[in-house]
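Chain by chain, the residues run as shown.
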Amino acid sequence: MFKVRFLAFLISMMLFVSCSTVPITGRKQISFIPQNQLITSSIDAYNQLLSQSKLSNDSTKKQMVAEVGAKIASSAEQFMRENGMEKEVETYHWEFNLIEDDKTVNAFCMPGGKIAVYTGILPVTQDENGLAVVMGHEVAHALANHGGERMSQVMLAQLGATSLSVALSSQPGLAKDLIMQAYGVGANVGVLLPYSRRHESEADHIGLILMARAGYDPRTAIPFWQRMGNLGGERPPEFLSTHPAPEKRVEDIRNELPEALKYYKEP
Ligand SMILES: [Zn+2]
C-alpha cells in the first residue's frame, strides 16, 4: 500500500513539474520532453525533411512567405517579451521555407519555429492576409508548444510517466524519432500523430491575435477558412483533416474576432 501511494505521489509530482501554461489562452498542458531536446531534434528533422523536398525557385512567392512569417514571428516574440517570457524567445529559431508541391494544400511548424509552407496552399491563401492566417495558425502551434504536448500525451499513454522519463534520458534519439513520426519525415514513418481538435481551435484563436498584432486584418480569416472549406479534394490536408468542421471553425473565429480586433490597427 505504501509503495502504491508513494508511486502515485511520484507520478503526480512529475505531472506537476511537467505542467506548463499556454500563452494567451492560459490552458494548462503537460510537457515531459525537455525543451532543449525537443528543439535540437526538431532542427534535425526539419533539415532532413527539407533535404528530401524540392524547394520553390519562385523568388516573389519565397519572399512573401519569408516576410509574412517574419512579421508573425516577431509579433509572437513581442507578445512573449510583454508577458515575462523573455527566456523563451531565445528558444525559437524561426525559419520559413516554401516547398514546391502544388498538390499539397498544407503548412506546418515544428517545435522551435521551423516552418514550411507548400505551394499548394497559395491559391487558397490568395494574398498576404490569407498567408498571415496560415502563418498565425502555425506560429501559434509553436508558441503553445503543441508539438511537445502532443508527443508527451502519446508517450504517456504508451509508457506511463516513469518509463517515459527513463526512456528520454537513456535514448537520446527518442525525441527526434517522435518528431519524425509526428511530421511524417523519413521512409519508415509510423503513425502520423494529428493535432487534436483542441490544439487546432487553440491555434486558430492564438493565430488570430498574432496576425492582428502583426498588422494583418484578422477579419480576413473568415473568407480564408470558407475557401478552405470549399476545397474538398481527394486528400484532406492537415489544415482540414483533424480540424473542426468548417462551419464550426468559422463560427468560433467570428466569436474571437472582437478580442483580436482590439490588437489590430487599421493602416
Ligand atoms: Zn493546425
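Residues numbered from 1 in each chain as written. Predicted model: local features only at pLDDT ≥ 70, side-chain atom pairs only at ≥ 80, totals over all residues. Heavy atoms only, no water.

Novice: Explain the overall build of the protein chain to me, using residue names and the numbers behind them.
Specialist: Within the protein chain, the regular secondary structure consists of 13 helices and five strands. Burial status across the protein chain gives 49% buried among its 267 residues. Within the protein chain, counting contacts between residues at least 6 apart in sequence, those at least 24 apart form 73% of the total. Carbon and sulfur atoms make up 55% of the accessible area of the protein chain, which amounts to about 13,000 Å² in all. (Helix = DSSP H or I, 4+ residues; strand = E, 2+ residues; numbered from the N terminus. Buried < 20%, exposed > 50% of the residue type's maximum accessible area, 1.4 Å probe, protein only. Contact = heavy atoms within 4.5 Å. Areas by Shrake-Rupley, 256 points an atom, 1.4 Å probe, with all protein chains shown as cover.)

Novice: Can you break down the coordination of the zinc ion residue by residue, with the values?
Specialist: Distances from the zinc ion to its protein donors, H137 (NE2), H141 (NE2), E200 (OE) and E200 (OE), fall within 2.2 to 2.7 Å. Around the zinc ion, the four donor atoms sit at angles spanning 51 to 130°, and that spread fits a shape best called irregular. Each donor residue of the zinc ion lies on one chain, and together they are spaced H-x3-H-x58-E. Highlighted residues: H141 in helix α6 (residues 128-143) and E200 in helix α10 (residues 197-213), separated in sequence by 59 residues. (Donors = N, O, S within 2.8 Å, 3.2 Å for Na, K, Ca; no water. Tetrahedral: all angles 85-135°; square planar, octahedral: opposite > 155°, others 65-115°.)

Novice: Which residues make up the packing of helix α11 (residues 221-229) against helix α13 (residues 246-261), and what values go with them?
Specialist: For any two helices packed against each other, the geometry comes down to the angle between their axes and how far apart the axes lie. Contact geometry for α11 and α13: axes closest at 10 Å, N-to-C directions at 175°. When the axes of α11 and α13 are compared, the pair comes out roughly antiparallel. Contacts between α11 and α13 involve A221, I222, W225, Q226 and G229 on the former and, on the latter, P246, R249, V250, I253, R254 and L257. A class-by-class count of the residues in the contact of α11 with α13 yields seven nonpolar, two polar and two charged. (Axes fitted to C-alpha atoms, helices over the stretch in contact; angles between N-to-C directions. Parallel < 35°, antiparallel > 145°, perpendicular 65-115°, else oblique. Nonpolar A, V, L, I, M, F, W, Y, C, P; charged D, E, K, R; others polar.)

Novice: Which residues make up the packing of α10 against α13, and what values do they have?
Specialist: The N-to-C vectors of α10 and α13 enclose an angle of 35°; their axes lie 10 Å apart at closest approach. As for the relative orientation of α10 and α13, their crossing is right-handed in sense. Residues E200, D204, H205, L208, I209 and A212 of α10 pack against R249, I253, E256, L257, E259 and A260 of α13. (Left-handed = near helix turned anticlockwise from the far one by under 90°.)

Novice: How would you explain α10 if you had to name every residue and give the values?
Specialist: Along its 17 residues, α10 runs 24 Å from first to last C-alpha, staying within 8% of the 24 Å computed at 1.5 Å per residue. Within α10, 14 of the 17 residues are buried, which leaves it mostly tucked inside the rest of the structure. The positive-phi residue at the C-terminal boundary of α10 is G215, with phi of around 95°. (Expected span 1.5 Å × (residues − 1).)

Novice: Explain the pairing of strand β5 (residues 114-118) to me, using residue names and the numbers behind them.
Specialist: Most of β5 sits inside the fold, with five of its five residues counted as buried. Alternating positions in β5 separate into two faces, K114, A116 and Y118 on one and I115 and V117 on the other, with burial throughout. Between the end of strand β4 (residues 107-110) and the start of β5, which pair antiparallel, lie three residues, with G112 showing a positive phi angle near 90°. (Pairing = 2+ DSSP bridges.)

Novice: Go over the pattern of salt bridges with me, naming the residues and quoting the values.
Specialist: Scanning all chains against the criterion turns up 10 salt bridges. E82 serves as the salt-bridge partner of R213, at 2.7 Å between the closest nitrogen and oxygen. Within this pair, whereas R213 is found in helix α10, its partner E82 is found in helix α3 (residues 59-82), the two being separated by 131 residues in sequence. On the basis of relative accessible area, E82 is assigned to the partly exposed category, the value being 48%. Salt-bridge contacts for K248 lead to D252; the nearest nitrogen and oxygen are separated by 2.8 Å. With K248 and D252 both in helix α13 and four residues apart, this pair spans about one turn of that helix. (Salt bridge = Lys/Arg side-chain N within 4 Å of Asp/Glu carboxyl O.)

Novice: I'd like a rundown of the pairing of β4, residues and numbers included.
Specialist: Side chains A107 and C109 project from β4 onto one buried face, and the interleaved F108 and M110 project onto a second face that is buried too. For β4 and β5, the ladder comprises four bridges, and the chain directions are antiparallel. Bridged to F108 within β5 is A116.

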